[in-house]
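# Reading the structure
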2 protein chains.
Amino acid sequence: MKRRSSAKRVVVGIDLGGTKILAAVYDEKHRLLAREKKATRAELGPQAVVKRAADCVYDALAAAALPHTAIAAVGVGVPGMIDARGSVLVAPNLHWRNFPFGKLLSKRLDIPVTVVNDVQAGTMAVQHYGAGRGLQDFVCMFIGTGIGGGLVLRGEQYRGAGGMGGEIGHMVVVAYFGPKCGCGNYGCLEAVASRSAIVRRVIKAMEDGQKTVVRSLCDGDTSRIRSRILAEAYRQDDKLVREIVNDASHYIGIGAANLINVLNPQAVILGGGLIEALGNRMLPRIKKAAFAHTIAASDERVNILDSGLGDDAGILGGALAARKLAKL
Amino acid sequence: MKRRSSAKRVVVGIDLGGTKILAAVYDEKHRLLAREKKATRAELGPQAVVKRAADCVYDALAAAALPHTAIAAVGVGVPGMIDARGSVLVAPNLHWRNFPFGKLLSKRLDIPVTVVNDVQAGTMAVQHYGAGRGLQDFVCMFIGTGIGGGLVLRGEQYRGAGGMGGEIGHMVVVAYFGPKCGCGNYGCLEAVASRSAIVRRVIKAMEDGQKTVVRSLCDGDTSRIRSRILAEAYRQDDKLVREIVNDASHYIGIGAANLINVLNPQAVILGGGLIEALGNRMLPRIKKAAFAHTIAASDERVNILDSGLGDDAGILGGALAARKLAKL
């Protein structure tokens, strides 16, 4: 009996992204027991994604050699707006609208499920397990397909009066002159500094006939260009990729400076796929641009650093939300 | 005796600006009894400004027909960094550095004096007496010589971990392509949308021989161009001034959008000299640009409005600080 009640303290965190699903099992001390990955394949429709997410949970449980009954709760981070009942109101990357994901996944797994915004989940993870531990006031910048932000102010996550704050990717940093953003405007940070923005510029340059190792690294299939290929091209001293990634770092630094000037936090913490793959290359340039653009008074003692969680911020945050749901 | 103790509840608020000093007397119900104004004349040195501020207080008391002994405390808003003892660490517009203004003014007046940052004072006034009444989460944008910002989050003023937040004027909104800012960087909001930025553009156009009524409004002395002259030129349909002021409104809207995207407040509240003089012209354009640049999710129910305090935000905030000091 004792062993069983202890086993019920296991939780699963899911990071449901536009391209992949990550599921991880954590024990009662929040130690990672197993982690599994699946392609999201959002093009198959939302019901198929529910099934794939459930399968990913089963795979992770199998890898941890735990029975289904061991799980107290599942927490999922989703890139979109979530309502209080775990319905996804809108998730552009998944092409979902008003989809009761939490309810359906819970039914399929027969386990309580909580759904949270992925950036909120990541920020929670950074606060409790990453570079934000012990800090009262910090800003997270997650740089990947898009750019999302999380604010922790006076020790608590802050999303604004309407719960929709943190949209740092849509700060305009190059008004008039900047490229078009997915949101329809011009010159948003996301339009000049996200992985998508970088890839767009690389593809354009390739079409213009510029020389780059990306051509061979992606076997001529530009849809395969992701952070890892960019990192490899950077490592190989590819002039084109270096220039474009360095430009992006400069803009991220300007975005960080804007946040520092407005919020004067203790730290700006960077995460997301692009930072995971290229952080060591980008961070020095991000810092340089950031401190060049903060007014003297507010750059003092502001730390700009990596989250320290790599790809795990999402699953960790999901697991934290699950733990909260299960009141563990 | 009774009358005397009631009289001791009078406070004075001072708004010490780069060009003028405003002093106002408020009774125990925070009703305005009298207000006086003097040129700052910072070029005469900090000691002279102490004397001018004290004289302004005496003038205001005389106008209110109150004796010196009636004042419980004086609160001063200063455009700079202030330490806990009321010393001005740095005030660029006044060319002050480490000047014990509070101590010296208190000695000269023989009345307790508290010194606060002018933007913090203004934000306090907006929260208690202006458009921020009853709101828990809002952002103030004060547009004048420079651009300063105040944040009220979860019902309390927020200045960040180091107390230096709110520097919204140094958000970069036109990276690379923007004009040089007083801070040394390029493309800050202040460099494209403050009154100084507008005046700079107007003077440049005048030097280039462009037609404008400003030439006659300022009697050929460009150093006299202030918000009031700009407002008059706008009223007279001056093409040049309209274009430049409209551009500034557009950028202020983008700045407001950046703050909305990051903080999702209930309201963005505008104040300062430029807004006081040109608010009715600028506000519609500011709103249009702001809502065009907020992502759909966060513009809902965000109010963008005038502070409702006109030129009084500074003196009101100073008086509030005085009231706090005197524990009234």
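Here's a quick rundown of the structure. (Residues numbered from 1 in each chain as written. Chains lettered and ligands numbered in written order. Predicted model: local features only at pLDDT ≥ 70, side-chain atom pairs only at ≥ 80, totals over all residues. Heavy atoms only, no water.)

Here we take up the pairing of strand E7 (residues 96–99) of chain A. All names here are of chain A. Here strand E6 (residues 88–91) runs beside E7; their pairing, made up of three bridges, is antiparallel. Bridge pairing in E7 places Val88 opposite Phe99. Following E6, the chain reverses through four residues before pairing antiparallel with E7; His95 in that reversal takes a positive phi of roughly 60°. (Pairing = 2+ DSSP bridges. Helix = DSSP H or I, 4+ residues; strand = E, 2+ residues; numbered from the N terminus.)

Relative to the 16 Å expected for 12 residues at 1.5 Å per residue, helix H4 (residues 118–129) of chain A spans 16 Å between its end C-alpha atoms, a close match to the ideal helical length. Where H4(A) begins, the side chain of A:Asn117 points an oxygen toward the backbone nitrogen of A:Val119, at a separation of 2.8 Å. (Expected span 1.5 Å × (residues − 1). Polar contact = N/O pair within 3.5 Å; in protein donor to acceptor, adjacent residues only side chain to side chain.)

Once that is clear, we can look at the interface of chain B and chain A. Each side of the interface is counted separately: chain B has 45 residues, and chain A has 45 residues. Between chain B and chain A lies a buried interface of about 3800 Å² when both sides are counted; carbon and sulfur atoms form 59% of it. If you sort the residues of chain B by the area they bury against chain A, B:Arg154, B:Tyr158 and B:Val262 come out on top, with a joint share of 18%. Seen at the junction of chain B and chain A, the total is zero salt bridges. When residues of the side of chain B that touches chain A are traced back to their parent elements, those giving at least two are strand E10 (147–153), strand E11 (156–158), helix H9 (239–263), helix H10 (273–293) and helix H11 (296–299) of chain B. Per-element tally for the side of chain B that touches chain A: the top contributor is H9(B), with nine residues. (Contact = heavy atoms within 4.5 Å. Buried area = accessible area lost by both parts, 1.4 Å probe. Salt bridge = Lys/Arg side-chain N within 4 Å of Asp/Glu carboxyl O.)

On to a nonpolar patch on the surface, then. Together, A:Tyr176, A:Phe177, B:Tyr176 and B:Phe177 make up a nonpolar patch on the protein surface, roughly 480 Å² of accessible area in all. Mapped onto the elements, A:Tyr176 comes out in the loop between strand E11 (156–158) and helix H5 (189–193). (Patch = residues over 30% accessible without salt bridge, like charges linked within 9 Å, V, L, I, M, F, W, Y side chains within 5 Å. Areas by Shrake-Rupley, 256 points an atom, 1.4 Å probe, with all protein chains shown as cover.)

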